[in-house]
Amino acid sequence: MAETPKPSLSVGDLAAIDAQLAATDHLLERNYPGDDGCRQPVHTVYVPADRFTPSFAADWGAQAMATAAGHGGLERLGTLLGQDDALAEAVAARVEAKLDSEPVEDLRLDFEDGFGDRGDDAEDAAAVAAAAAVAAAVAAGSAPPFIGIRFKCFEAPTRARGLRTLDLFVSGLAAAGELPEGLVLTLPKVTTVAQVQAMDYAVSRLEEVHSLPAGRLRFEVQVETPQLILGPDGTSPVAQLPHAVPGRISGLHYGTYDYSASLQISAEYQSMEHPVADFAKEVMQLAVAGTGIRLSDGSTNIIPVGDNVENAWQLHGRLVRRSLERGFYQGWDLHPAQLPSRFAATYAFYRQGLPAAAARLRNYVEQTEGGVMDEPATARALAAFVLRGVQCGAVGAEEVQALAGVGIPQLTVLAHPRLATTSNS
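The notes below deal with the structure included here. As the structure is a prediction and not an experimental result, all values here were calculated from the model.

**With respect to the packing of helix α14 (residues 339-366) against helix α15 (residues 376-392)**
At a minimum axis separation of 9 Å, α14 and α15 run at an interaxial angle of 140°. Overall, the two elements α14 and α15 adopt an arrangement that is oblique. As for how α14 packs across α15, the hand of that crossing is left-handed. Here Thr346, Tyr347, Phe349, Tyr350, Gly353, Leu354, Ala357, Arg360, Leu361 and Tyr364 of α14 lie close against α15, whose contacting residues are Pro376, Thr378, Ala379, Leu382, Ala383, Phe385, Val386, Arg388, Gly389 and Cys392. Classifying every residue of the contact of α14 with α15 gives 14 nonpolar, four polar and two charged.

Right under this line is the structure:
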């Protein structure tokens, strides 16, 4: 009988390999932590900073419902978006509840394109007023769960102004008390890694000045320039961002019109589905895979108003669905009449996919043989899909329990296994 073979690599060999890969281990742990499982909003709404009031979200919800009512109701909207009767009915009920309770998930008070150059005194006053209004809305419970500002970019002509607005807004919030849990800061028109490093320095100093925990002030980067996709040395600066300021960037947002215009795409053909847009967004996806940084698609400027409501809804609904299918779970909305089509398209996406995803999850959890042999990575994707549907209100926890046989805590761990490891450590 042949002797059982013994390992040939010694303890010293294994230690040498561990030492050789120590830097890799550190890189993976620090720079690729994966998604943290927290809720991601399905959209970001932009409004000129001086137009925000504590009743803003409720006002937009009422306007959205009025537009829907004036065009046959939410079920008819579902039909316009290609939903069958049963799906349209289920989606309409949830969209109505959403527009009543939380019509805006993420709001950005805009000091950039939506505000313009009104002079320093006017912008100073608006920044101070914006901080006070946001603090008041949060205290009153009327603020969206995610809220913040977009300030002017860090190019030389607007850098000082952008930093001053950022400073006044954050300092105003800090003076009012604890910062909003869902505070978001947006850095636009980024062209180089150095601009993001400068932003990291600015928020680090604000944290020090206001005695905030290190890393409390995270920010989004808007991808609106071709220089961020392909740099002068032939590399991709956007791929360097997560590693230049690890843990600081919360999201990358694609800017449809600035980016398209920079590539000389004529106005008629600038859109979220132009080939240049798809290329940029695919690079963005690759750049942040595994880093925990979220992605957002851009906007369409075809607004549902006047005689164009239904055509604009169909376009918007199709674009929202297209983004979701391509792994962009967030986008921009510019008008209250876009809210019904945003939520209707989003909810239909999750509700249509729920039965198959839940069945596959049940088979995976219960180790039941089915028509598809899912691996752990696919199970994570299935669980993340279902969890997103729950978090945005498209499906209920009770539906998931009935179809998949798992509760939300187990679903969360399936989607984000590192959370279980972290909680047990």
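**Some thoughts on the pattern of salt bridges**
Throughout the structure, instances matching the rule amount to 32 salt bridges. Between Lys98 and Glu102 there is a salt bridge, and its shortest N-O distance comes to 2.6 Å. Here Lys98 falls in the buried class, since its relative accessible area comes to 7%. Exposure remark for Glu102: the relative accessible area of 21% places this residue in the partly exposed category. Within this structure, Asp110, Glu112, Asp113, Arg150, Lys189 and Asp258 form a network of salt bridges that share partners.

**Quick notes on a nonpolar patch on the surface**
On the surface, a cluster of nonpolar side chains totalling about 360 Å² of accessible area is made up of Leu9, Leu14, Ile17 and Leu21. By the element assignment, Leu14 lies in helix α1 (residues 11-20). Here Leu14 falls in the partly exposed class, since its relative accessible area comes to 46%.

**Overview of the nonpolar core**
With 104 residues, the main nonpolar core has Phe169, Leu185 and Leu252 as its most contacted residues. At twelve residues, α14 tops the list of elements feeding residues into this core. If sequence neighbours within four positions are ignored, Leu185 has contacts with Ile149, Phe151, Leu166, Phe169, Val170, Met199, Val203, Leu217, Arg218, Phe219 and Glu220.

**Here's the deal with helix α7 (residues 159-176)**
In this model, α7 (18 residues) spans 26 Å end to end at C-alpha, consistent with the 26 Å of a helix rising 1.5 Å per residue. Of the residues making up α7, those classed as buried are Arg161, Gly162, Thr165, Leu166, Phe169, Val170 and Leu173. Mapping the buried residues of α7 onto a view down its axis gives an arc of 150°, with all of them on the same face. For α7, exposure combined with an orientation more than 90 degrees from the buried face picks out Ala160 and Ala175. Of the residues one or two after α7, Gly177 is the one with positive phi, at around 135°.

**Here's the deal with unusual backbone geometry**
Residue Lys189 is not a glycine yet carries a positive backbone phi of 50°. Along the chain, Lys189 falls in the loop between β4 (183-187) and α8 (193-209). Judged by relative accessible area, Lys189 falls into the buried class, the value being 16%. A positive phi angle, close to 55°, is found at Ser211, a residue other than glycine. On the secondary structure map, Ser211 appears in the loop between α8 and β5 (219-223).

**Quick word on the sheet that holds strand β2 (residues 106-110)**
With parallel pairing, the eight strands of this open sheet are ordered in space as β7-β6-β5-β4-β3-β2-β1-β8. The outermost strands of the open sheet, each flanked by one partner alone, are β7 (294-296) and β8 (331-333). For this sheet, the mean inter-axis angle between neighbouring strands, taken without regard to orientation, is 30°. Examined bridge by bridge, strand β3 (residues 146-150) and β4 share four bridges and lie parallel to one another. Looking across to β4, one finds that Ile147 is bridged to Leu183.

**Focus: the packing of aromatic side chains**
For the structure on display, the rule yields ten aromatic pairs. When the ring of Phe151 is compared with that of Phe154, the centres are 6.2 Å apart and the planes differ by 35°; the resulting orientation is tilted. In terms of burial, Phe151 and Phe154 fall into one category: buried. Seen from their ring centres, Phe349 and Phe385 are 5.5 Å apart, and the 75° between their planes marks the pair as edge-to-face.

**Considering a negative patch on the surface**
Residues Glu75, Asp84, Asp85 and Glu89 make up a contiguous surface patch of negative charge. With respect to the secondary-structure elements, Asp85 resides in helix α5 (residues 85-101).

**Concerning the environment of Val320**
Along the polypeptide, Val320 turns up in helix α13 (residues 309-325). Residue Val320 is classed as buried on the basis of its relative accessible area of 4%. C-alpha separation for the pair Val320 and Gln285, spaced 35 residues apart in sequence, amounts to 17 Å. If sequence neighbours within four positions are ignored, Val320 has contacts with Arg342, Ala345 and Thr346.

**Some thoughts on the packing of α8 against helix α10 (residues 237-244)**
Where α8 meets α10, the closest approach of the two axes is 9 Å, and the angle between their N-to-C directions is 25°. Judged by the angle between their axes, α8 and α10 are roughly parallel. For the element pair α8 and α10, the recorded crossing hand is right-handed. Across from Val193, Val196 and Gln197 in α8, the residues of α10 making contact are Pro237, Gln240, Leu241 and Ala244. Of the residues belonging to the contact of α8 with α10, the class tally is five nonpolar, two polar and no charged.

Here is what the cut-offs are and how they apply
- Residues numbered from 1 in each chain as written.
- Predicted model: local features only at pLDDT ≥ 70, side-chain atom pairs only at ≥ 80, totals over all residues.
- Heavy atoms only, no water.
- Axes fitted to C-alpha atoms, helices over the stretch in contact; angles between N-to-C directions.
- Helix = DSSP H or I, 4+ residues; strand = E, 2+ residues; numbered from the N terminus.
- Parallel < 35°, antiparallel > 145°, perpendicular 65-115°, else oblique.
- Left-handed = near helix turned anticlockwise from the far one by under 90°.
- Contact = heavy atoms within 4.5 Å.
- Nonpolar A, V, L, I, M, F, W, Y, C, P; charged D, E, K, R; others polar.
- Salt bridge = Lys/Arg side-chain N within 4 Å of Asp/Glu carboxyl O.
- Buried < 20%, exposed > 50% of the residue type's maximum accessible area, 1.4 Å probe, protein only.
- Patch = residues over 30% accessible without salt bridge, like charges linked within 9 Å, V, L, I, M, F, W, Y side chains within 5 Å.
- Areas by Shrake-Rupley, 256 points an atom, 1.4 Å probe, with all protein chains shown as cover.
- Core = buried A, V, L, I, M, F, W, Y, C linked by side-chain atoms within 4.5 Å.
- Expected span 1.5 Å × (residues − 1).
- Arc of directions from axis to C-beta.
- Pairing = 2+ DSSP bridges.
- Phe/Tyr/Trp six-rings, centres within 6.5 Å; stacked < 30°, edge-to-face > 60°.
- Lys, Arg positive; Asp, Glu negative; His and termini not counted.
- Charge placed at Lys NZ, Arg CZ, Asp CG, Glu CD.

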